[in-house]
Amino acid sequence: MGQFTKRPVTIEAMRFPGIGVGPADDMVRLDAWLAQHQGERKCRLVGGVLVIPTLEGEMMASAGDWIIRGVKGELYPCKPDIFEATYAPAAIGGSGLSFGEALDALKLGARVCRAGWNGKGMWLAMSGVLGGRRVDADKFWSPHNEAFARENGGSATVLPCITMKTATGEIVMGWAPSQPDMLTDDWMVVSYGQTA
């Protein structure tokens, strides 16, 4: 008997949004992430619950649970309260994330920001799914895009972009980083599992 401290490890995780809960893009992102990381034994949906084959047998993930990819590449579910008590956003040397790590977090559905930004409450999010998705003509805001979609069989593929929530409360579509944004290591995760 003795006392032990859990070794610090960095894991990947993604939230299971649940079927019909939240934006459909959240489930598409999770499906893509699972396809990339699950082995021969595939996760499956059963009655709105995600069944995950783990090293200890099958486990269930309910809406809002986190799916963790462990140190050996294994997948397993974790309840939100346990996840938040156990894990914190990864950082390099305690100084923050690099721009590349912030991009990885965006692709997993996180909202990110820079500590060095002057505006309060600013953050970035990924809008859309990485492979793009078909959007019906009547869903476009721009009449030019709507016309193109109608001419293209009634829909068009929309590719993802990074959006920014500004300090004054607007959403900017298609945010682009400045040189300082790309070269600093003061990025941090604002929250996980939310998509714009």
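Values in this document were obtained by computation on a predicted structure and should not be read as measured data.

Visitor: How should the overall build of the protein be read in this particular structure?
Guide: Along its length, the protein carries five helices and 13 strands. Considering the protein as a whole, with its 196 residues, one finds that 38% of them fall into the buried category. In the protein, the proportion of contacts linking residues at least 24 apart, taken out of those at least 6 apart, comes to 56%. With the model as given, the accessible surface of the protein reaches about 11900 Å², and the carbon-plus-sulfur share is 56%.

Visitor: What is the right way to read the sheet that holds strand β2 (residues 44-46) from this model?
Guide: Sheet strands line up and pair through hydrogen bonds in the backbone, either parallel or antiparallel. Sheet architecture is open: three strands sit in the order β2-β3-β4, paired in antiparallel fashion. Taken across any chain shown, the strands that pair with only one partner, and hence form the sheet edges, are β2 and β4 (57-61). Here the strands of the sheet are splayed against their neighbours by 35° on average, with no regard to which way each runs. Sheet topology note: the strand β3 (residues 49-54)/β4 ladder contains five bridges and is antiparallel. Bridging across to β4, Thr54 finds its partner in Gly57.

Visitor: Is there a simple way to think about the packing of aromatic side chains in this case?
Guide: Each aromatic ring pair is summarised here by two numbers: the centre-to-centre distance and the angle between the ring planes. Following the criterion strictly, the structure yields five aromatic pairs and no others. For the ring pair Trp66 and Phe83, a centre distance of 4.2 Å and an interplane angle of 10° mean the geometry is stacked. A residue pair is termed long-range when its members are at least 10 positions apart, and Trp66 in strand β5 (residues 66-69) and Phe83 in helix α2 (residues 80-86) qualify at 17 residues. Note on Trp66: relative accessible area 3%, which makes it buried. Here Phe83 falls in the buried class, since its relative accessible area comes to 7%. Through a chain of ring-to-ring contacts, the aromatic side chains of Phe99, Trp117, Trp175 and Trp187 assemble into a single cluster. The aromatic ring of Trp123 is capped on one face by Arg111, whose charged end is 4.6 Å from the ring centroid.

Visitor: Would you explain the environment of Thr184 in this entry?
Guide: Structurally, Thr184 is set in the loop between α5 (179-183) and β13 (187-191). Looking at Thr184, the relative accessible area reads 22%, which means it is partly exposed. Through-space distance from the C-alpha of Thr184 to that of Arg114 is 8.8 Å; in sequence the pair is 70 residues apart. What Thr184 contacts, discounting residues up to four positions off in sequence, is Leu97, Ser98, Phe99 and Arg114. Looking at Thr184, its side chain comes within polar contact range of the side chain of Arg114, at 3.3 Å.

Visitor: Quick question: what am I supposed to make of the environment of Asp138 here?
Guide: Relative to the assigned elements, Asp138 resides in the loop between β9 (133-136) and α4 (143-151). Separated by 11 residues in sequence, Asp138 and Ala149 place their C-alpha atoms 8.7 Å apart. Setting aside anything within four residues of it in sequence, one finds Asp138 in contact with Glu146 and Arg150.

Visitor: Where do I start with empty space enclosed by the protein in this structure?
Guide: Picture a little ball the size of a water molecule; that probe, rolled over the atoms, points out where space is still empty. Evaluation of the coordinates by the stated rule reveals two cavities of 30 Å³ or more. Taken as a whole, the second largest cavity holds about 30 Å³ of empty space. Lining of the second largest cavity is provided by Phe99, Ala102, Leu103, Leu106, Val112, Leu124, Ile162, Trp175 and Trp187. Among the elements that line the lining of the second largest cavity, the one with the most residues is helix α3 (residues 99-107), at four residues. Of the residues in the lining of the second largest cavity, the class split is nine nonpolar, no polar and no charged.

Cut-offs used in this document
Residues numbered from 1 in each chain as written. Predicted model: local features only at pLDDT ≥ 70, side-chain atom pairs only at ≥ 80, totals over all residues. Heavy atoms only, no water. Helix = DSSP H or I, 4+ residues; strand = E, 2+ residues; numbered from the N terminus. Buried < 20%, exposed > 50% of the residue type's maximum accessible area, 1.4 Å probe, protein only. Contact = heavy atoms within 4.5 Å. Areas by Shrake-Rupley, 256 points an atom, 1.4 Å probe, with all protein chains shown as cover. Pairing = 2+ DSSP bridges. Axes fitted to C-alpha atoms, helices over the stretch in contact; angles between N-to-C directions. Phe/Tyr/Trp six-rings, centres within 6.5 Å; stacked < 30°, edge-to-face > 60°. Lys NZ or Arg CZ within 6 Å of the ring centre and 35° of its normal. Polar contact = N/O pair within 3.5 Å; in protein donor to acceptor, adjacent residues only side chain to side chain. 1 Å grid on protein atoms, 1.4 Å probe; cavity = no way out; pocket = protein on both sides within 12 Å on 5 of 7 lines; lining within 4 Å. Points joined across faces, edges and corners; volume = space filled by probe spheres on them. Nonpolar A, V, L, I, M, F, W, Y, C, P; charged D, E, K, R; others polar.

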